[in-house]
Amino acid sequence: MACPTGRAAHGKVRRRLRRWKGGFWTVGMFLNSRAPYEAYREMRQDDYFVDKSMLIGELLPALGRKSRYFCITRPRRFGKTVMANMVGAFFAKTEKADGLFEGLKIMEAKEASAHLHRHDVIYIDFSRLPEGSCSYDRYITRITDGLKEDILCQFPDLEQNPNHGVWDMLQRVFDKTDRKFIFVIDEWDAIFHMPFVTLRERQEYLLFLRNLLKDQPYAELVYMTGILPIAKYSDGSELNMFLEYNMVTAERFSGYFGFSDSEVDKLFEIYQRVTDQPKISREDLRLWYDGYCTALGERLYNPRSIVSALTDNQVRNYWTSSGTYDSIFGYLKNNIADIREDLVLMFAGERIPAQIQEYAAVNMELDTKDEIYSAMVVYGLLTYEDGYVFIPNRELMDSYAAMMRKERSLGYIYNLARESKRMLEATLLGDTKTMAEILKYAHDTESPIFSYNSEIELSAVVNLVYLAARDWYRVEREDKAGEGYVDFIFYPQRKDLAGIILELKVDDTPEKAIQQIRDRNYALRLKGKLGEKPRYQGRILAVGISYSRKTKEHRCKVEVLE
């Protein structure tokens, strides 16, 4: 991109100037761009808009202060870009005031009006590439040339040399006009995922950001978002001026990314009001999209998935729809031997102790369990709470299930997953002999998890050998039913399928398991309580599975509940 200079530059500038309240307002590629304003305006008009504007209230006191550098990192699809657009839209000068922020919480702050649309904002989305980009030079040149052209166009009366660095040109603007700039940077770490960028070029990029931002008097505020943390990208101090806020260890800003229970409650009310024939229950949203944890101990829903499900009137896999099981395996593959047992337990809903190393995600080689789990937490593939990692919800469970049925290198997990369709068919037919054979095959696998020292391990194995059931059932473990808790309930998603209630026993009999199902009225969970609309009116199978630690035998029994 050529930078305009001389008469050509001034001619181009005049063509780009627009009248604005007696002065001039210019549209730039990065400087005072309309992009964040338009993006947030579209979001504001959505039926399922959630007001997170008080995040701006936390930024206002930092304007022009030493602590004006913020880097907020979150997993994919957790609203980082929405918040960046909101910040840019609030501060940036605009040629018209259409009440975009009218009625939002931020306007209750007494200092808000003084800053609304009053600042020069430089908004950069570092995930955007130039056409045909295949090199770091072209990537960074698009940004530097764009910034230089914006400066020349919006400050045409200053003598500027476009061959100087962007930071030198911004410094000159500040020296001559006292104008400062708010930087809003989205996807700051996108470059670290680009295959054409070398290690040396990544270091050059960090130096570019340091020169542009660090201790610059023209930087009034810097708001930056991404997935990966800044620290540990190098041993130097290029970006050590930033205060970093991740989801796992930093409490501040926790409420602005992801949806809380109360926010989802309100969205669900809107959904019921605006949707013809609603098909989603509030419990569906919890099971599919809840489960992420913040440093404050709060649970969060994946915001993109919630909005997509309510808009489509269907719960399904939204966040992980683009091959996330490949991403999951990409982290596990370097240490499958140590991860395998944990994977089986987590897939059964158990929590695994872990020492989260918040910066491990930046390493190219992840070998130890703690490094692997740390990276998966950063990317949102696991969640972390009180020293344990676990799979947060059904949406991600589906991706783990897809991986276990695809990756042969998982060994016995892959083999048992392949047997799971046969296990379900045998159960529906009451073929207890085949069921016991498959469980024996699982038990004979060389893994300590199959020692069945507790019902937890037996539950984990049963969960795995019924993996295929998830294609036709919503499988719930330890679900409250009747007068107690049942080990598994299989809620059919097709009317022609039988519902399944499954109870496990160690050193007991399958008959005792089925008697417990009957005595405690577990079938009420499938049928629904008296006076309620029946949830399920089809056939219900009671399944008892037992294991004897003395004889090493599995026994199975299937009965139809009246």
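Residues numbered from 1 in each chain as written. Predicted model: local features only at pLDDT ≥ 70, side-chain atom pairs only at ≥ 80, totals over all residues. Heavy atoms only, no water.

A. Region of interest: the overall build of the protein chain. In terms of regular secondary structure, the protein chain is built from 20 helices and 17 strands. Residue burial in the protein chain is summarised as follows: out of 562 residues, 56% are buried. (Helix = DSSP H or I, 4+ residues; strand = E, 2+ residues; numbered from the N terminus. Buried < 20%, exposed > 50% of the residue type's maximum accessible area, 1.4 Å probe, protein only.)

B. Structural context of the sheet that holds strand S11 (residues 383–385). What the 3 strands build is an open sheet, ordered S10-S12-S11; its pairing is antiparallel. The two strands at the open ends of the sheet, each matched to only one other strand, are strand S10 (352–353) and S11. Pairing between S11 and strand S12 (residues 388–390): 3 bridges, direction antiparallel. From the neighbouring strand, Glu385 faces S12, where its bridge partner is Tyr388. (Pairing = 2+ DSSP bridges.)

C. Broad picture of empty space enclosed by the protein. Tallying each qualifying case throughout the model produces 3 cavities of 30 Å³ or more. If you add up the space inside the largest cavity, you get close to 180 Å³. Lining the largest cavity we find 19 residues, and of these Asn246, Met247, Val248, Val377 and Val378 sit closest to its centre. If you list the elements that add at least two residues to the lining of the largest cavity, you get strand S8 (292–293), helix H14 (369–378) and S11. With 3 residues, H14 is the single largest residue contributor to the lining of the largest cavity. The residue makeup of the lining of the largest cavity, split by class, is 12 nonpolar, 5 polar and 2 charged. The volume enclosed by the second largest cavity comes to roughly 60 Å³. (1 Å grid on protein atoms, 1.4 Å probe; cavity = no way out; pocket = protein on both sides within 12 Å on 5 of 7 lines; lining within 4 Å. Points joined across faces, edges and corners; volume = space filled by probe spheres on them. Nonpolar A, V, L, I, M, F, W, Y, C, P; charged D, E, K, R; others polar.)

D. Highlighting the sheet that holds strand S6 (residues 219–226). In space, the 5 strands of this open sheet follow the order S4-S5-S6-S3-S7, with parallel pairing throughout. With one partner strand each, in any of the chains shown, strand S4 (120–125) and strand S7 (243–245) form the two edges of the open sheet. Neighbour-to-neighbour, the strand axes of this sheet turn through a mean angle of 15°, independent of strand direction. Set on the sheet, helix H4 (residues 80–91) makes contact with S4, strand S5 (181–186) and S6; between it and S5 the angle comes to about 165°. (Axes fitted to C-alpha atoms, helices over the stretch in contact; angles between N-to-C directions. Contact = heavy atoms within 4.5 Å.)

E. Main features of the confidence of the model for the protein chain. When the pLDDT values of the protein chain are averaged, the result is 85; 86% of them are 70 or greater. S5 holds the highest mean pLDDT among the elements of the protein chain, 98, whereas strand S1 (residues 17–20) holds the lowest, 41. (pLDDT = per-residue confidence, 0-100.)

F. Seen up close, the layout of surface pockets. By volume, the second largest pocket is sized at about 770 Å³. Considering the residues around the second largest pocket, the lining is formed by 30 residues, among which Leu287, Gly349, Pro392, Glu476 and Arg477 are closest to the centre. Contributions of two or more residues to the lining of the second largest pocket are made by helix H10 (282–289), helix H13 (336–347), helix H15 (394–404) and strand S13 (473–481). Ranked by residue count, the leading element in the lining of the second largest pocket is S13, at 7 residues. Looking at side-chain class alone, the lining of the second largest pocket contains 11 nonpolar, 4 polar and 15 charged residues.

G. Summary view of the packing of helix H6 (residues 136–154) against helix H7 (residues 166–177). As a packed pair, H6 and H7 sit with axes 10 Å apart at the nearest point and diverge in direction by 20°. It follows from the interaxial angle that H6 and H7 lie roughly parallel. Handedness of the crossing formed by H6 with H7: left-handed. On the side of H6, the interface is formed by Thr144, Leu147, Lys148, Ile151 and Leu152, while H7 contributes Val166, Met169, Leu170 and Val173. (Parallel < 35°, antiparallel > 145°, perpendicular 65-115°, else oblique. Left-handed = near helix turned anticlockwise from the far one by under 90°.)

H. Examining the nonpolar core more closely. Counting 74 residues, the largest nonpolar core has Tyr400 and Tyr466 as its most contacted members. The leading source of residues in this core is helix H16 (residues 412–429), at 8 residues. For Tyr466, the residues in contact, after removing those within four places along its chain, are Ser420, Met423, Leu424, Thr427, Met435, Phe490, Leu502, Val543 and Ile545. The next biggest cluster of nonpolar side chains, apart from the first, holds 44 residues, and it includes Ile122, Tyr136, Phe174 and Tyr205. (Core = buried A, V, L, I, M, F, W, Y, C linked by side-chain atoms within 4.5 Å.)

I. Expanded view of the pattern of salt bridges. Summed over all chains, the structure comprises 26 salt bridges. Between Arg282 and Asp261 there is a salt bridge, with the nearest N and O atoms lying 3.1 Å from each other. In this pair, Arg282 sits in helix H10 while Asp261 sits in helix H9 (residues 261–274), placing the two residues 21 residues apart along the sequence. Given the relative accessible area of 40%, Asp261 is considered partly exposed. One network of salt bridges, with partners in common, ties together Arg34, Glu38 and Arg41. (Salt bridge = Lys/Arg side-chain N within 4 Å of Asp/Glu carboxyl O.)

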